[in-house]
Amino acid sequence: MAQRDERLNYTRRSLINRFGAAAGVMISVPLISSRADAQVSFGDTPFKLGVASGDPAPDGFVIWTRLAPRPFEIGCGMPSTNVEVDWEVASDEAFGSIVQSGKTMARPHLGHSVHVEVAGLSPGRPYWYRFRAGGAQSQAGRAKTTPAAGATLARARFGVAGCQNYEAGLYTAHKYLAAEDLDFVFCYGDYIYENAGRPTPAGVRPGIQSAHFGGEIYSVDDYRRRYAQYKMDPDLQAAHAAHSWFSVWDDHETDNNWASIFDEGNNPAEIFAFRRQAAAQAYYENLPLRRTSLPSGPAIQIYRRAHYGDLLDVNLLDTRQYRTNQPCNDKSEGCSVEAVSDPKAEFMGRQQEDWLFKGFAASRAKWNVLAQQMMMMDLDRDPGSNLRYNIDSWAGYRAPRNRLLKHIRDRKVQNVIVLTGDEHVNYAGELHLDGRTPERTPIAVEFVATSITSGGDGQDQSDGAKALIGANPQLKFINQQRGYVVCDVTPERWLSEFKVLDKVSTPGGVLSTRTKLAVAAKSNTLAAA
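Residues numbered from 1 in each chain as written. Predicted model: local features only at pLDDT ≥ 70, side-chain atom pairs only at ≥ 80, totals over all residues. Heavy atoms only, no water.

Colleague: Tell me about the overall build of the protein chain, and name the residues and values.
Modeller: When helices and strands are tallied, the protein chain shows 9 helices and 22 strands. Relative to the 2.2 N^0.38 estimate, which gives 24 Å for 529 residues, the radius of gyration of the protein chain is 23 Å and therefore close to what a compact globule would have. Taken along its principal axes, the extent of the C-alpha atoms in the protein chain is 70 × 50 × 50 Å. Counting all 529 residues of the protein chain, 59% fall into the buried class. Restricting the contact set of the protein chain to residue pairs at least 6 apart, pairs at least 24 apart contribute 70%. (Helix = DSSP H or I, 4+ residues; strand = E, 2+ residues; numbered from the N terminus. Rg over C-alpha atoms; globule rule 2.2 N^0.38 Å. Buried < 20%, exposed > 50% of the residue type's maximum accessible area, 1.4 Å probe, protein only. Contact = heavy atoms within 4.5 Å.)

Structure below.
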């Protein structure tokens with residue numbers, strides 16, 4: 001009876017910690033028990049999936065790893081018990097000065113992942129971290145705290161990346177991203193792809209399985225194995241170990257083009273909820289997210305806000321969980337302007353929209369960033385024929401799109417930059433209520449980062465891409481290669497550098513800068529740098 005009382009008292013304490021504590025407090029608070037159920041040792045390293053850090057703040061960040069000595073087995077080679085993990089954070093790369101350390105539990109409930117929220121550190125500087133478990137030590141990672149709240153900043157430099165279909169090519173871009181001098185990385189989503197395995201180009205990942213294992217994924221074990229396959233890649237591990245990431249998801253972490261309770265296969269909502277629950281759990285298990293993103297059933301808190309001194313307010317959005325279904329059954333062909341203008345349509349949901357608008361009102365930052373998944377430019381995708389939008393993007397939801405843009409315009413929200421992915425194409429353009437008849441002054445500027453691999457090698461500009469620029473005055477740049485974007489921001493200007501690879505289908509891809517585009521503060525106008 002005494003043991004049962006102790007567990008009841010623990011449950012009360014854990015509820016207080018979860019719902020009553022302020023966000024950002026360091027937690028290595030266990031979810032069920034504070035002790036390891038077994039002493040373990042490993043014949044092979046349990047750190048095969050690497051290490052990562054994320055959601056940095058002025059006083060700390062999340063450090064992550066997941067124990068998996070045999071990553072592709074059910075259970076990943078781990079016992080069905082809690083396993084104690086030691087962690088430490090140092091102020092130097094040689095770990096000569098340990099500034100924080102502790103113990104946490106890797107639990108079978110969460111695939112033996114650990115998410116330690118480190119606090120009490122100094123703002124605006126790098127730290128190094130590592131883990132130990134069962135006599136094994138992880139590789140070291142580097143994380144960087146954000147500047148103190150409201151601190152006057154001269155510059156920030158960060159990367160934008162995502163859409164990394166494992167079957168489509170090598171993660172060469174991540175190798176280069178790891179070598180960049182960055183304050184953080186924004187990952188816009190499509191971290192994994194859910195589809196069944198299919199043949200991949202010869203030469204991709206020599207000696208490594210380069211097609212997805214098995215069929216389309218549905219269960220939490222399916223999703224765990226898919227994440228393991230991606231995270232085994234050494235270049236992706238290097239990008240995580242080099243930089244702290246702010247991550248959001250898009251569709252392929254769950255199901256192609258899903259929207260709220262609607263999936264691609266038109267399954268009943270209550271059935272799709274099981275898949276959403278598995279996907280949300282696996283996403284949390286495999287990304288360095290704070291405990292505020294711990295899933296509850298199929299729901300997971302993705303949208304949140306990060307401040308970077310007085311220079312950036314970064315609004316990380318979720319445009320999947322709260323939207324209404326795509327118009328015209330997600331078919332662009334023949335979908336009318338009336339259909340995409342449904343006044344009842346939602347893209348972020350009203351609660352998230354209100355949260356965003358309140359954030360705009362409270363912001364004192366030089367630049368307001370919408371870091372999200374889907375293109376906001378309303379491009380006519382079929383120049384010379386009937387008007388055709390990407391129905392899955394903001395252009396397919398004109399009522400919430402215009403509500404957002406009108407709010408920015410009418411409330412005079414300054415220096416709004418939209419960062420986007422999903423398209424597997426580099427785009428840059430200016431945002432108007434209607435791109436076909438743009439206003440004299442743009443409302444905001446959008447940069448769309450291409451994919452890490454999705455779409456294969458690609459090319460600079462196809463004839464169709466050139467036609468898009470001719471038919472869409474709001475669009476200023478397009479490129480169809482793979483790579484990432486580096487944003488270099490000062491109080492006076494925003495500079496986006498589009499970095500592209502000549503190939504991802506075979507090793508040895510060469511990175512180059514395709515273009516640099518700038519926005520002067522208060523101009524909302526793109527110009528060559």
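Colleague: Please set out the pattern of salt bridges residue by residue, giving values where relevant.
Modeller: For the coordinates displayed, the defined rule picks out 35 salt bridges. As a salt-bridge pair, Asp221 and Arg224 come within 3.7 Å of each other at their nearest N and O atoms. Placement of both Asp221 and Arg224 in helix 3 (residues 220-231) is noted, with a separation of 3 residues, approximately one turn of the helix. Across the salt bridge formed by Glu346 and Arg403, the nearest N and O atoms sit 3.2 Å from each other. (Salt bridge = Lys/Arg side-chain N within 4 Å of Asp/Glu carboxyl O.)

Colleague: Describe the state of the cysteines, naming the residues involved and giving the relevant values.
Modeller: Going through the model one piece at a time under the given rule, you end up with 1 disulfide. Between the sulfur of Cys328 and that of Cys335 lies a disulfide, 2.0 Å long from S to S. Taking the sign of the torsion about the S-S bond as the criterion, the disulfide between Cys328 and Cys335, at about 80 degrees, is right-handed. On the basis of relative accessible area, Cys335 is assigned to the buried category, the value being 8%. This cysteine, Cys187, is not joined by any disulfide, and Cys163 carries the nearest cysteine sulfur, 8.6 Å off. Residue Cys187 is classed as buried on the basis of its relative accessible area, which comes to 3%. This cysteine, Cys487, is not joined by any disulfide, and Cys187 carries the nearest cysteine sulfur, 14 Å off. A relative accessible area of 0% places Cys487 in the buried class. (Disulfide = S-S within 2.5 Å.)

Colleague: A description of the packing of aromatic side chains should follow, citing residues and the corresponding values.
Modeller: Under the defined criterion, the tally for this structure stands at 22 aromatic pairs. For the ring pair Phe184 and Tyr308, a centre distance of 5.7 Å and an interplane angle of 55 degrees mean the geometry is tilted. Placement of the pair is Phe184 in strand 10 (residues 184-187) and Tyr308 in strand 12 (residues 304-308), with a sequence separation of 124 residues. Residue Phe184 shares its accessibility class with Tyr308, and that shared class is buried. (Phe/Tyr/Trp six-rings, centres within 6.5 Å; stacked < 30°, edge-to-face > 60°.)

Colleague: Which residues make up the side chain of Ser53, and what values go with them?
Modeller: Inspection of the secondary structure puts Ser53 in strand 1 (residues 51-57). When its relative accessible area of 0% is taken as the criterion, Ser53 is described as buried. Contacts of Ser53, omitting those with residues within four sequence positions, involve Val62, Ile63, Tyr129, Arg142, Ala143, His240, His243, Ser244, Trp245 and Pro288.

Colleague: Can you lay out the nonpolar core for me, pointing to particular residues and giving the numbers?
Modeller: In this structure, Phe158, Val160, Leu312, Leu419, Phe447 and Trp494 are the most contacted members of the largest nonpolar core, which totals 74 residues. The element that contributes the greatest number of residues to this core is helix 5 (residues 269-286), accounting for 7 residues. Within the second largest apolar cluster, 34 residues are counted, among which are Ala345, Trp355, Val416 and Val425. (Core = buried A, V, L, I, M, F, W, Y, C linked by side-chain atoms within 4.5 Å.)

Colleague: Would you mind going over the packing of helix 3 against helix 5 in detail, with residue names and values included?
Modeller: Any two packed helices are characterised by the angle at which their axes cross and by the distance between the axes. Look at helix 3 against helix 5: their axes get within 8 Å of each other, and the N-to-C directions meet at 35 degrees. Crossing handedness for the pair helix 3 and helix 5: right-handed. When helix 3 is examined against helix 5, the residues Val220, Tyr223, Arg224, Tyr227 and Lys231 are found in contact with a partner set consisting of Arg275, Ala278, Ala279, Gln281, Ala282, Tyr283, Glu285 and Asn286. In terms of residue class, the contact of helix 3 with helix 5 is made up of 7 nonpolar, 2 polar and 4 charged. (Axes fitted to C-alpha atoms, helices over the stretch in contact; angles between N-to-C directions. Left-handed = near helix turned anticlockwise from the far one by under 90°. Nonpolar A, V, L, I, M, F, W, Y, C, P; charged D, E, K, R; others polar.)

Colleague: Could you give me a rundown of the packing of helix 2 (residues 172-179) against helix 4 (residues 234-242), with the residues and numbers involved?
Modeller: At a closest axis distance of 7 Å, the pairing of helix 2 and helix 4 adopts a crossing angle of 25 degrees. The angle between the axes of helix 2 and helix 4 places the two elements in the roughly parallel class. The interaxial crossing formed by helix 2 with helix 4 has left-handed handedness. Along the contact surface, helix 2 presents Thr172, His174, Lys175, Leu177 and Ala178, while helix 4 presents Asp235, Leu236, Ala238, Ala239 and Ala242. Considered class by class, the residues forming the contact of helix 2 with helix 4 number 6 nonpolar, 2 polar and 2 charged. (Parallel < 35°, antiparallel > 145°, perpendicular 65-115°, else oblique.)

Colleague: Describe helix 2, naming the residues involved and giving the relevant values.
Modeller: Two residues of an α-helix separated by three or four positions point the same way, owing to the 3.6 residues in each turn. Restricting attention to buried positions, one finds in helix 2 the residues Thr172, Ala173, His174, Leu177 and Ala178. On its buried side, helix 2 packs onto strand 9 (156-161), strand 10, helix 4, strand 11 (244-247), strand 19 (475-489) and strand 20 (493-501).

Colleague: Quick rundown of the side chain of Ser210? Include the residues and the values.
Modeller: On the secondary structure map, Ser210 appears in the loop between strand 10 and helix 3. The class of Ser210 is buried, set by a relative accessible area of 11%. Residues within four places of Ser210 in sequence aside, it is in contact with Tyr166, Glu167, Thr200, Val204 and Arg205.

Colleague: Would you mind going over helix 5 in detail, with residue names and values included?
Modeller: If you check helix 5, its first and last C-alpha atoms are 25 Å apart, about what 18 residues at 1.5 Å a residue would give, namely 26 Å. Within the span of helix 5, buried status applies to Phe272, Arg275, Arg276, Ala278, Ala279, Ala280, Ala282, Tyr283, Tyr284, Glu285 and Asn286. In this structure, the buried side of helix 5 is in contact with strand 2 (60-66), strand 5 (113-118), helix 3 and strand 11. (Expected span 1.5 Å × (residues − 1).)

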